[in-house]
Each structure stands twice: as structure tokens, then as C-alpha cells.
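Results of the structural survey
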Amino acid sequence: LATLRALVELESPSGDQDSLARVADYVRGLLDDQELTTRDLPGGHLRADWSSSDHADRDHVLVVGHLDTVWPVGQLARMPFVTDETTAKGPGVFDMKGSLVALILALRIAQRAQRRPSRPVRILLVADEEVGSPDGRHAVAEDAARAHVVLGLESPLPGGDLKVGRHGSARIRLAVRGIEAHSGLDRHAGVSAIDELVGQLGAMRRFADDNDLAVNVGTIAGGTRANVIAGSAEAEIGLRYASVDEERRLFAYAEGIAPIHSAAIITMDVLSRRPAWEPAPRSPFVGHVLATADRLGAPISAGVARGAGDTNLTGSMGVPTIDGLGPRGSGAHAVSETVELSSIVERAQLLAELLTTEWPEVSGA
Ligand SMILES: [Zn+2]
């Protein structure tokens, strides 16, 4: 509990390198105490290795988590760290500082019982997950490429079920340049960027609805005043997709956008993109994780998550992946953010068991 309080009180919004470095320092100290080999990566990410000499040549188990939260520094004054018998509340307590505590506790449980990892364990905690891991994704991809399996520390599905697939998501920006002109004197000389953008968004809406695809125009801006034909306009659009096929169709549309008015110029930028991670049917790896939870007396199930995270990347690479190993709770990214204390212990026991027992042979998810 003291560790959880310390982690929550070290506020760490994505992008705030000084604050993130303080959390990384603190977590590094905890991992060092467990005699892991730790390393700071450029970008503020933290990597730690736990291995035993007899297994050094085997593919590692990759544990993926993050140090950042969605909360700004100062949020703590508005939603301080508080606990009662069963829960703790505070910024980032559920996503994912409670998960980090479960991980540290798992290492302590294993070490106290003098249990060694069945394979080398690599822990990667990125510093920019909450903004789509623009930098952290490179480290995730590198460490996942040679991994036997990947375990994600994100929060579970409601009720505590693990995640064996995730919908993908992307943000794109559609920017239109028209020709600015006086709306009375030069009406026919102008080309309205707003009219063009509205036309494009309407067409995109029809395409999405006709194909049952998830498109959300999140922001829109443009123009200067009512008597000026708008010279520029833009919209930021969120795309979500359950499968590789949906992702392909959405991007085929977005990349194929052509101007309705021949003089308008349209540019489409991809601001962030996480691939869809489609669940593997009847994976022996998932079966092993669920059976282990069963054996520990805390049975859980597994399902597909709508939100995207770092495991979208590992899962879409075909590396056997399971996420949602963080403790139960509620209110991620909301002021009601809460974690269940008993669940932290439960997850720590599960992680300790998973990391120290033999994995089934797995290949290609
Ligand atoms: Zn998270």
C-alpha cells in the first residue's frame, strides 16, 4: 500500500519528462531491490531483465506496461490518494500504478519462495502509452520480436477478465485548402474549404454507415468570417476497427479521398495508428493462463477489448499475447478511478506463478 501511495503521488502525465523520470527512478529502485538488471532507454522508457543462467538462451517472456498516466501534475490536489478497507483511489491508481505494484509484488513473492523464472523475463515500461506510444512502440516491437509470449499489465475487462484481442484505432487529420475570396464581390472566384470539408465528411459518413464501420469526426475548424469564403478548414477523425479487414477498408477509403471541387487541395495525415489485434481461437497459451488462474483459486475468463493499447502491436505481430493482467478496478481516465486492493494481491500471485512455471509450446499465436 505504501508503494501504491508513493507511485500515485509521483504524478506522471505523458509528455512531462521530469515527472516521468522521477517515477522511472522510483520503479527502477524497486526492481533493483529484486536484483533485476535495469536499463533506462531513450524516451524515458524503462527496461528490466530477470533471468536465471540456465535459461539464458531461451526466448524471453515480455511483460509490457507503462509509467505515464492521463492526469496532469496537480490532479492529486483534486483527487487525493485515499484508501478504505478494500479499495484505493487516486490519479492513475487503476491505469496502471496498481498494475506496477502487482508486478513488484509478484517478483517479491517469487523471490521469497526462491523461485526462478522458467524463461528469461523482460519487463518493458513505456513512458508514452497514453498518447499512443509514438516512441515507446519501437521498443515494444523490438522486444516483442524475439519474445515467446507477451503479458500486458493493462487493466482487465469489467469484472476482471483478461484481454485476448483488441480493436485497433487511429486518428487522422483531413485538411482542406480552398481559395479565399470576398463572399459578395468575388463569389465565383472563391473555393470554400468548408464546403469541401463538409462534403467530404458527409461522404465519409455515408461510407462508414453503409459498411458498418466506426468513424467519428472529433473536431472541426476553419474559416475566418461570414463574409469571407473560407480558405482553409480541417477535421480530426477517429477510426476504430475490430479486424485487419476493417482497418484495411477504412484506410483504403481515407487514402483514396479525392477533392469534390477540382480546385480544392486535400491532405490526409495519420496522427496515430494502432493495428487491430484479432483473437486467436483456442490458443494453448491463453488456456494455460486461464488454467493457472483456476489452479490458484481465482478463476477468470477472457474476451476482446474495444480500446487499444501497446498489446495491439504485439498481438498484431502474431506474438502470443494476453493483456488485462492488471488488478480489477474502475474509472480509468475518470475522476472516480479506483482499484481493488485484494485484486492486486491476486494478480501478483498469478503473475508470480506464470513467470516461474513452464510455458506451453506456442507458435504463431
Ligand atoms: Zn493504461
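So, here is what we can say about the structure in this document. Nothing here was measured: the structure is a model prediction, and the numbers come from that model.

Calculation criteria
Residues numbered from 1 in each chain as written. Predicted model: local features only at pLDDT ≥ 70, side-chain atom pairs only at ≥ 80, totals over all residues. Heavy atoms only, no water. Core = buried A, V, L, I, M, F, W, Y, C linked by side-chain atoms within 4.5 Å. Buried < 20%, exposed > 50% of the residue type's maximum accessible area, 1.4 Å probe, protein only. Helix = DSSP H or I, 4+ residues; strand = E, 2+ residues; numbered from the N terminus. Contact = heavy atoms within 4.5 Å. Pairing = 2+ DSSP bridges. Axes fitted to C-alpha atoms, helices over the stretch in contact; angles between N-to-C directions. Donors = N, O, S within 2.8 Å, 3.2 Å for Na, K, Ca; no water. Tetrahedral: all angles 85-135°; square planar, octahedral: opposite > 155°, others 65-115°. Salt bridge = Lys/Arg side-chain N within 4 Å of Asp/Glu carboxyl O. Phe/Tyr/Trp six-rings, centres within 6.5 Å; stacked < 30°, edge-to-face > 60°. Lys NZ or Arg CZ within 6 Å of the ring centre and 35° of its normal.

**A look at the nonpolar core**
Nonpolar side chains tend toward joint burial in soluble globular proteins. Among the nonpolar cores identified, the biggest contains 57 residues, and L4, I123 and L151 are the most heavily contacted of them. A per-element tally of this core places helix α4 (residues 93-112) first, with 11 residues. Here I123 is in contact with L31, L36, L46, R47, A48, V63, L103 and L107, once residues within four sequence places are set aside. Counting residues in hydrophobic clusters, the runner-up holds 25 residues, among them V215, A233, F251 and A264.

**Some remarks on the sheet that holds strand β9 (residues 168-177)**
Strand order in the open sheet formed by 4 strands is β11-β13-β9-β14, with antiparallel pairing between adjacent strands. Edge positions in the open sheet fall to β11 (214-222) and β14 (265-274), since each of these has one partner strand only. Each strand of the sheet is rotated relative to its neighbour by a mean of 20 degrees, with strand direction disregarded. As defined by bridge partners, β9 adjoins β14 across 9 bridges and the pair is classed as antiparallel. Across the sheet, residue R173 finds its bridge partner in β14, namely D269. Along the sheet, helix α7 (residues 244-255) contacts β9, β11, β13 (232-241) and β14; its crossing angle with β13, the most-contacted strand, is approximately 165 degrees.

**Quick word on the coordination of the zinc ion**
Note on metal geometry: ideal angles are 109.5 degrees for four donors arranged tetrahedrally and 90 or 180 degrees for six donors arranged octahedrally. Each protein donor to the zinc ion is listed here as H66 (NE2), D95 (OD), E154 (OE) and E154 (OE); together their distances run 1.9 to 2.6 Å. Considering all 4 donor atoms around the zinc ion, angles at the metal cover 54 to 152 degrees and the coordination shape is irregular. Along the chain, the residues that donate to the zinc ion are spaced as H-x28-D-x58-E. Residue D95 is located in helix α4, and its partner E154 is located in the loop between β7 (147-152) and β8 (162-166); the two are separated by 59 residues in the primary sequence. Taking the relative accessible area as the measure of exposure, D95 reaches 7% and is therefore buried. On the accessibility criterion, E154 (10% relative accessible area) is buried.

**Some points on the pairing of strand β3 (residues 60-66)**
For β3, a buried count of 7 out of 7 residues is recorded, marking the element as mostly surrounded by other parts of the structure. Neither face of β3 is exposed, since H60, L62, V64 and H66 on one face and V61, V63 and G65 on the opposite face are all buried. As defined by bridge partners, β3 adjoins β7 across 5 bridges and the pair is classed as parallel. The residue bridging V61 from the neighbouring strand is V149, located in β7.

**Quick look at the pattern of salt bridges**
Applying the stated rule across the entire model yields 23 salt bridges. Note that R28 is salt-bridged to D25, the shortest N-O span being 2.8 Å. Here the residue R28 and the residue D25 both occupy positions in helix α2 (residues 17-33), the gap between them amounting to 3 residues, near one helical turn. We classify R28 as buried; its relative accessible area is 18%. Using a relative accessible area of 42% as the deciding quantity, one classes D25 as partly exposed. Salt-bridge contacts for R173 lead to E234; the nearest nitrogen and oxygen are separated by 3.8 Å. Placement of the pair is R173 in strand β9 and E234 in strand β13, with a sequence separation of 61 residues. Using a relative accessible area of 27% as the deciding quantity, one classes R173 as partly exposed. Ionic contacts of the salt-bridge type, sharing partners, join the residues R47, D49, R122, E142 and D143 into one network.

**Some thoughts on the packing of aromatic side chains**
Under the defined criterion, the tally for this structure stands at 3 aromatic pairs. Measuring from centroid to centroid gives 4.2 Å for F207 and Y253, while their planes differ by 15 degrees, and the two rings are stacked. Residue F207 is located in helix α6 (residues 193-211), and its partner Y253 is located in helix α7; the two are separated by 46 residues in the primary sequence. A relative accessible area of 22% places Y253 in the partly exposed class. Across the ring face of F251, the terminal group of R273 is positioned such that the distance to the ring centre comes to 3.5 Å.

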